[in-house]
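Chains, contacts and geometry: an overview
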Amino acid sequence: MVNTLLDFMLGPMRAIGDFYFEYQMIFNSLIVGFALYKLIFSKKKVGNESAN
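Everything numeric in this text was worked out from a predicted model, so none of it was measured.

**Here we look at the side chain of Arg14**
Summarising the element assignment, Arg14 is placed in helix 2 (residues 14–22). Excluding residues within four positions of it along the chain, Arg14 makes contact with Asn3, Leu6 and Asp7.

Printed below as a string of structure tokens:
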């Protein structure tokens, strides 16, 4: 019953969801890896505020 409702609501987008669920370990690893890369290697912007 759930599959029928998902097919009705998502229509052709269901194939994209199936593809994602099949390869979700790869996609999630890439996203988490990119986020960690940005956290570790991002340059800290330090404002040089001097009182004149």
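**Describing a nonpolar patch on the surface**
A contiguous nonpolar patch, built from Met1, Leu5, Phe8, Met9, Leu10, Met13 and Ile16 and spanning about 860 Å² of accessible area, is present on the exposed surface. Looking at which element gives the most residues to the nonpolar patch, the answer is helix 1 (residues 2–10), with four residues. The exposure class of Met9 is exposed, given its relative accessible area of 58%.

**Quick word on the packing of helix 2 against helix 3 (residues 24–41)**
Helix-helix packing: each pair is described by the crossing angle between the helix axes and the interaxial distance. Between helix 2 and helix 3, whose axes approach to 5 Å, the crossing angle comes to 75°. When the axis of helix 2 is compared with that of helix 3, the two are roughly perpendicular. Counted together, Phe19, Tyr20, Phe21 and Glu22 of helix 2 and Gln24, Phe27 and Asn28 of helix 3 form the full contact between these two elements. For the contact of helix 2 with helix 3, the class distribution of residues is four nonpolar, two polar and one charged.

**Looking at the packing of aromatic side chains**
Tallied over the full model, the rule gives five aromatic pairs. With 5.2 Å between their ring centres and 45° between their planes, Tyr37 and Phe41 make a pair best called tilted. Here the residue Tyr37 and the residue Phe41 both occupy positions in helix 3, the gap between them amounting to four residues, near one helical turn. By relative accessible area, Tyr37 is classed as partly exposed at 48%. Of the aromatic side chains, those joined through ring pairs into one cluster are Phe19, Tyr20, Phe21, Tyr23 and Phe27.

Cut-offs and rules
- Residues numbered from 1 in each chain as written.
- Predicted model: local features only at pLDDT ≥ 70, side-chain atom pairs only at ≥ 80, totals over all residues.
- Heavy atoms only, no water.
- Helix = DSSP H or I, 4+ residues; strand = E, 2+ residues; numbered from the N terminus.
- Contact = heavy atoms within 4.5 Å.
- Patch = residues over 30% accessible without salt bridge, like charges linked within 9 Å, V, L, I, M, F, W, Y side chains within 5 Å.
- Areas by Shrake-Rupley, 256 points an atom, 1.4 Å probe, with all protein chains shown as cover.
- Salt bridge = Lys/Arg side-chain N within 4 Å of Asp/Glu carboxyl O.
- Buried < 20%, exposed > 50% of the residue type's maximum accessible area, 1.4 Å probe, protein only.
- Axes fitted to C-alpha atoms, helices over the stretch in contact; angles between N-to-C directions.
- Parallel < 35°, antiparallel > 145°, perpendicular 65-115°, else oblique.
- Nonpolar A, V, L, I, M, F, W, Y, C, P; charged D, E, K, R; others polar.
- Phe/Tyr/Trp six-rings, centres within 6.5 Å; stacked < 30°, edge-to-face > 60°.

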